[in-house]
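Examination of the molecular architecture
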Amino acid sequence: MKPRDRLRIAMQKSGRLTEPALDLLNRCGLTFRQSRDKLFCFGEGEPVDLLLVRDDDIPGLIAQGVCDLGIVGRNVLNEFRGVVGDGAATLTEWRPLGFGRCRLSIAVPQDMDYSQPQDLSGLRIATSYPGLLNQWLKEKNVDAAVVTLAGSVEIAPKLGTAEVICDLVQSGGTLIANQLRETDVLLQSEAVLAGPDALPSDERGDMIELLLKRLDGVIQVRE
Ligand code: ATP
Ligand code: ZN
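An account of the accompanying structure is given in this report.

Rules used in this analysis
- Residues numbered from 1 in each chain as written.
- Chains lettered and ligands numbered in written order.
- Predicted model: local features only at pLDDT ≥ 70, side-chain atom pairs only at ≥ 80, totals over all residues.
- Heavy atoms only, no water.
- Core = buried A, V, L, I, M, F, W, Y, C linked by side-chain atoms within 4.5 Å.
- Buried < 20%, exposed > 50% of the residue type's maximum accessible area, 1.4 Å probe, protein only.
- Helix = DSSP H or I, 4+ residues; strand = E, 2+ residues; numbered from the N terminus.
- Domains from an automatic or database assignment.
- Contact = heavy atoms within 4.5 Å.
- Donors = N, O, S within 2.8 Å, 3.2 Å for Na, K, Ca; no water.
- Arc of directions from axis to C-beta.

**Topic: the nonpolar core**
- Core analysis: the largest hydrophobic core is formed by 32 residues, its most contacted members being Ile106, Leu120, Ile125 and Val164.
- Of all the secondary-structure elements, those providing two or more residues to this core are strand E4 (48-53), helix H2 (58-63), helix H3 (74-84), strand E7 (102-109), helix H4 (130-139), strand E10 (164-169) and strand E12 (191-196).
- Among the elements that make up this core, the one with the highest residue count is H4 (four residues).
- When residues of this core are assigned to domains, at least three fall in each of domain 1 (7-100 + 190-222) and domain 2 (102-189).
- Discounting chain neighbours no more than four positions away, the residues touching Ile125 are Leu120, Leu133, Leu137, Ala144, Ala145, Val146, Val147, Ala162, Val164, Ile165 and Cys166.

**Structural notes on the coordination of the zinc ion (ligand 2)**
- The protein atoms that coordinate the zinc ion (ligand 2) are Asp55 (OD) and Asp56 (OD), at distances of 2.1 Å.
- On the accessibility criterion, Asp55 (19% relative accessible area) is buried.

**Considering H4**
- Taken residue by residue, H4 has Leu132, Leu133, Trp136 and Leu137 as its buried positions. The buried residues of H4 occupy an angular sector of 135 degrees when the element is viewed end-on, so they sit on one face. Facing away from the buried side of H4 by over 90 degrees, the exposed positions are Lys138 and Glu139.
- Looking one or two residues beyond H4, the residue adopting positive phi is Asn141, at roughly 60 degrees.

This is the structure in structure tokens:
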């Protein structure tokens, strides 16, 4: 791939992480031209541009070198790292960013007897995070069937596609609305700055170091 002289950051085009991510970058002194509903945002001051995409595509774009950094949930980053495995380009969590907090949890029907992970043996678990769920099931030595769904995981027990779910939880309101009860937390998540293991050895590396410094200042002020 042709080397780029401008840094490119991938972030969510439209969703929970969009506003806080943009706000954080603004506080780091970065401003961008072009409306947010466009795919590309051109950095006005510093040589830093944005690519606005679906959050699920962000780790892949960094791994392919299309983007240098990304702002994405730890849940999405770790699912990618687990699924892609050792052979592929490795990604690092450079900084936790303190917004988009949620957890990836097991939830069971409120009337189901449940006291430990082994109680899931032989059941079907619906999730959008098959990599993280399979890893947890293996750790707990539980033999359950993983049903992968792209969305609306919380209604799977009602539909009969699975008995149990493994989904993102923030307040727990969605679970209660679907008569589900949270039992185990697999991952505590928040938005993170993700990038390749090693900094690029050109101007982009210097720009990343500068950005990290500013980020640390902004995050410290906010805490
Ligand atoms: P996209 O169109 O980009 O694929 P999405 O529907 O996958 O959007 P959002 O629902 O906007 O994504 O969530 C983005 C991220 O926000 C999640 O990956 C997660 O890290 C975080 N998040 C925080 N709270 C929640 C929650 N209650 N439900 C889902 N995600 C949450
Ligand atoms: Zn998504």
